[in-house]
Every structure is written in C-alpha cells, then in structure tokens.
Amino acid sequence: MVPHLVTALTGPINELEQRVLDSMPAIERWFRLEWMEHTPPFYSSVDVRNAGFKLAPVDTNVFPSCWNNLTPAMLPLAVQAAMAAIEKICPEARNLLIVPENKVNSPFYLGNLVQLRRIFHLAGLNVRIGSISPEVKKSTTLTLPSGESIVLEPVVRNQGRLGVKDFDPCTILLNNDLRAGVPGILEDLHEQFLLPPLHAGWTTRRKSTHFKCYEDVSKRFGKLIGVDPWLINPMFDKSSNLDLNDEAGREVLRSRADALLGKIKKRYKEYGIKEKPFVVVKADNGSHGLTAMTVRDAKELDALYLKSHTRHDGAHNGGQVYGVIFQEGVLTNERINDAVAEPVVYMMDRYVVGGFYRVHAERGVDESLSAPGSSYVPLAFAESTHLPQPGVRPGASAPNRFYMYGVVGRLAMLAASYELEATDPEAEHYA
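Undergrad: Kindly report on the overall build of the protein, identifying the contributing residues and their values.
TA: Secondary structure summary: the protein contains 10 helices and 19 strands in total. The proportion of buried residues among the 431 residues of the protein is 56%. Across the protein, the fraction of contacts at a sequence separation of at least 24, relative to all contacts at a separation of at least 6, is 70%.

As structure tokens, this is what we get:
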C-alpha cells in the first residue's frame, strides 16, 4: 500500500528527492566507506517524519521490537542481513540467546519475539529465548492468538557465561532497552558477545547525544550532495537535571523551548513556510515517566509539565528522568485512509530490511503517533528501497520516496554508530 502524500508534487522534498537520486552512486560509496571505519548497531529502527518541506528522523531505537509488523517480503533480506552481521561478530556461532523485555505478556510483543526467532533460525542458528526477569522461575510455553508459541526460559549464569538450561550461546541478543538499569547478571560476561552492548541501554544512552551525532552526520551528508542539512535534520536543545516541581526548573524549560521556537521561525521564514512551528519536549533517556509534549508556545508548558507526574508507562520498568530534550517538531503530511501516518525504517547491520507506516486516526500532524491506539501498515521496503527509478518525476514514484526514507534511516543508523563509539566505556577516547 502506498500512502497518500499530501505534498507529493510540491515543495523542497521533490528537490531533495531529485538530489538524492542524482547522487545515488556517491551516496552508496559514502556509506560503504563509513562502514569500513564504523560498526553499525546490530539492529535499529528509525521513525521518520515527512513534512513536505523537510524529511527528518525524530527517534532512533537500537533495541527495536515490532519486527512482526514487517511484511513477509522482507524476511529474505532480514535473514541475509542477520547472516552478514553474525558472520562479522562470531563466524563460528551456533547458538543465539534472545533476552526480551521483562514483561512479555503482550501478544503483540510475543509476535515480535517469534519473528526475531524465525529470522535467526533461518540464518542458521539455534535460537532460545531467556528471560532475566526474577518472576520467570521455570520454563514456560506462551501461545499466541495465531497458534504459534514460544518457550520462555529463566536465564542462568555459570562461570561468567549466560545461557539457559543445556544451552551455551556464543551470542546474546538483547531485545530489552535496560531503562530500569543494567542487571548484574549481564555484566562481565566471559567470551560471549552481547548485542547491542550494555552502554546502548537507556541507563547510559541520551537522545541529545544521538542527535548531536546526527547533526554532524547531516552536515557532512548535506555537503556531499549539496543540500541544506536542515532539510534532513531536526534542530534540538537539551537541559539536564531539571526539577519540574521547582519554578526555576520550569523557567529553564520555558526559556529553552522559546529559544528553539525562535530558531525554527527564522528557518520557516527563510524557506517561506506558512506552518506554525512547534517543539516536542521529551525525556532525554527513553520515555521515563515524561509524556512527549507538543508545544507551540512556551507558556503551554505550565500546564503540560504536570503530565510527567501522572504518567506511568506500565509496559516498561520505570526509571529516572535525567533531563529533557527539546526537539524541533516535524509535521507529518502522510496519510493512510485519511489517518495520519509516519514511516518507520528497520535495519539490521548496515542494511535496510523493511519498514511500516505507524498510523493513528486520533492524532494530529504535529503529535507523536507512538501512542495507544496506533496501528501499523507494512511496506515492502525490501522490494523498493534498493531499486529507485531514475528519470521518474519526483514525488511520483513510491520506490524513489522509499529509497529516500532508507537513506535518512541509514544516516540515523550511522549517527547511532558514532554515538555508541563515543559512549563506549572500554574505548580509548582522544581529545
């Protein structure tokens, strides 16, 4: 299904699309050279927003779930990418242990685990699913509405190695973003590969660090193809250690939001954009108790900040808000059956393997669609993102638009690789 692009035939997106297509050989060479120097995250997903005048990532996940949302057409490409990733890390790998989120009672999340298990089984690995939750004390079979089932086993640690009963894996795949902290059972493993690494979890990771890396990547990419980096980069600011119960903390919140709104207004004026700018305020480390706030006027924060004290995301394990990120809001002008939609690009190793549209009938073009009530429409990125159609009028070709999404997704993935290198506690960092 191809979305209805409200601005498909107008505006700077067409110019950007044409520039990306014309530069495809240079872009692909540039990515190849980058991957010679940097290691991509093992897997990742990127939320992309297409405003018609701007196309930018707004969130990058290095512990992606929702693999069950991708079309079956993506499976061969995902399997190939999994093979390539495993071959680089542990060529002799035989056994893979998937460590999921502690709470796996959602049929939707179980479907995600089934799909991950399928991908790595087809990549030639024995796959088991081991939980680090203290509530999982014995092997349990969980059945999905589809009739498929998975066996959830308690993880055991023996002589510094992690596994489940009678199963010693070479590689451990985390599908748990560690927002509640790093459990000791995962630390100091002996001759086992833990993917992604522990410092990729929200205990260490900050969105502001990621988007600073993305800002650097977008500048270099903009120079490569001759476009203004702002067209693919959401501006941002951050503030750490805010006490939202304190008036001084709320004043910092208002002033930072107001300053960023001013920068966006300046850009909109430069490009002749008539839309009213907005800022999205969210937790810098995951979504820990702080609802993402869409703000068009800094004064709105006086009422909205209260949400941080009333929301508890039961799907995760809580955690402390260390600070907030103020991100330039990017409209989404895409629709599926008149409902607002945004593309989500899925990658494994350095390859785009698929994607879907996140759709929400009750959300506006300036709101987060990652909320209860959202639905998903799979897209066969595997068939389209690597096969653009040169010479086709910009805005008229789904494969060309999807190729552009894949490029932006890979730019965010590259930024994530920079980010993980910069925050690696075992790496040698030079001033």
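Undergrad: Could you give me a rundown of the sheet that holds strand E15 (residues 323–328), with the residues and numbers involved?
TA: Pairing in this open sheet of four strands is antiparallel, and the strands run E12-E15-E13-E14 from one edge to the other. Unpaired on one side and paired on the other, strand E12 (236–240) and strand E14 (293–295) mark the two borders of the sheet. With strand direction ignored, the average angle separating the axes of adjacent strands in the sheet is 20°. Sheet topology note: the E12/E15 ladder contains five bridges and is antiparallel. Each residue of the ladder has a partner; that of Ser239, found in E15, is Val324. Of the strands in this sheet, E12, strand E13 (279–283), E14 and E15 touch helix H6 (residues 247–271), which is tilted by about 15° from E15.

Undergrad: Let's hear about the pattern of salt bridges: which residues, and what values?
TA: Inspection of the entire model under this criterion finds 18 salt bridges. Glu153 is the salt-bridge partner of Arg128, the closest N and O atoms lying 2.6 Å from each other. Here Arg128, found in strand E5 (residues 126–131), pairs with Glu153, found in strand E7 (residues 149–154); they are 25 residues apart in sequence, far enough to count as distant. Under the relative-accessibility criterion, Glu153 is labelled buried at 9%. Here Arg267 makes a salt bridge to Asp228, at a shortest N to O gap of 2.6 Å. Of the two residues, Arg267 is situated in helix H6 and Asp228 in the loop between helix H5 (207–225) and E12; the sequence distance between them amounts to 39 residues. Sharing partners across several salt bridges, the network here consists of Asp47, Arg49, Glu342 and Arg358.

Undergrad: Please provide a residue-by-residue account of the packing of aromatic side chains, values included.
TA: To describe a pair of aromatic rings, you give the distance between the ring centres and the angle between the ring planes. Tallied over the entire structure, the rule returns 13 aromatic pairs. Centre to centre, the rings of Phe42 and Tyr43 are 5.9 Å apart; their planes meet at 65°, and the pair counts as edge-to-face. An identical accessibility class is assigned to Phe42 and Tyr43; each is buried. Where Tyr43 meets Trp67, the ring centres are 6.1 Å apart and the plane angle is 20°; that geometry is what we call stacked. Taken together, the residues Tyr43 in strand E2 (residues 43–50) and Trp67 in the loop between strand E3 (55–61) and helix H3 (75–89) connect sequence positions 24 residues apart. These aromatic residues form a ring-pair network of at least three members: Phe42, Tyr43, Trp67, Phe108, Phe120, Tyr346, Phe356 and Tyr376. In this structure, Lys207 is placed above the aromatic ring of Trp202, and the distance from its NZ or CZ to the ring centre is 5.8 Å.

Undergrad: Account for the state of the cysteines, naming residues and giving values.
TA: By definition, a disulfide links the sulfur atoms of two cysteine residues through a covalent bond. Applying the stated rule across the entire model yields one disulfide. Disulfide pairing places Cys90 opposite Cys170 at an S-S distance of 2.0 Å. Judged by the torsion about the S-S bond (130°), the Cys90/Cys170 disulfide is right-handed. Taken together, the residues Cys90 in the loop between H3 and strand E4 (95–100) and Cys170 in the loop between strand E9 (161–163) and strand E10 (171–175) connect sequence positions 80 residues apart.

Undergrad: Give a description of the side chain of Gln327 that names residues and reports values.
TA: With respect to the secondary-structure elements, Gln327 resides in strand E15. By relative accessible area, Gln327 is classed as buried at 2%. Within the structure, Gln327 has its side chain in polar contact with the side chain of Lys282 (distance 3.0 Å). Setting aside anything within four residues of it in sequence, one finds Gln327 in contact with Val58, Phe211, Pro234, Met235, Phe236, Leu260, Phe278, Val279, Val280 and Lys282.

Undergrad: Mind laying out the sheet that holds E7, listing which residues take part and the relevant values?
TA: The six strands lie next to each other as E6-E7-E5-E4-E10-E11, forming an open sheet whose pairing is mixed. One side of each edge strand has no neighbouring strand; the edge strands of this open sheet are strand E6 (140–143) and strand E11 (193–195). Taken pair by pair, the neighbouring strands of this sheet meet at an average axis angle of 30°, ignoring direction. Running over the sheet, helix H4 (residues 107–122) touches E4, E5, E6, E7 and E10 and is turned about 165° from E4.

Undergrad: Which residues make up the pairing of E10, and what are the values?
TA: Side chains on a regular strand alternate between the two faces of the sheet. Burial analysis of E10 places five of its five residues in the buried class, which makes it a mostly covered element. Note: E4 against E10, five bridges, orientation parallel. When the sheet's bridge partners are listed, Ile98 is paired in E10 with Leu173.

Undergrad: Kindly report on the packing of helix H2 (residues 24–37) against H5, identifying the contributing residues and their values.
TA: Two quantities define a packed helix pair, namely the angle between the axes and the distance from one axis to the other. Contact geometry for H2 and H5: axes closest at 10 Å, N-to-C directions at 140°. Both H2 and H5 take part in a crossing whose hand is right-handed. Here H2 contributes Ala26, Ile27, Trp30 and Glu34 to the contact with H5, which in turn contributes Val217, Arg220, Phe221, Leu224 and Ile225. A breakdown of the residues in the contact of H2 with H5 according to their chemical character gives seven nonpolar, no polar and two charged.

The rules behind the values
- Residues numbered from 1 in each chain as written.
- Predicted model: local features only at pLDDT ≥ 70, side-chain atom pairs only at ≥ 80, totals over all residues.
- Heavy atoms only, no water.
- Helix = DSSP H or I, 4+ residues; strand = E, 2+ residues; numbered from the N terminus.
- Buried < 20%, exposed > 50% of the residue type's maximum accessible area, 1.4 Å probe, protein only.
- Contact = heavy atoms within 4.5 Å.
- Pairing = 2+ DSSP bridges.
- Axes fitted to C-alpha atoms, helices over the stretch in contact; angles between N-to-C directions.
- Salt bridge = Lys/Arg side-chain N within 4 Å of Asp/Glu carboxyl O.
- Phe/Tyr/Trp six-rings, centres within 6.5 Å; stacked < 30°, edge-to-face > 60°.
- Lys NZ or Arg CZ within 6 Å of the ring centre and 35° of its normal.
- Disulfide = S-S within 2.5 Å.
- Polar contact = N/O pair within 3.5 Å; in protein donor to acceptor, adjacent residues only side chain to side chain.
- Left-handed = near helix turned anticlockwise from the far one by under 90°.
- Nonpolar A, V, L, I, M, F, W, Y, C, P; charged D, E, K, R; others polar.

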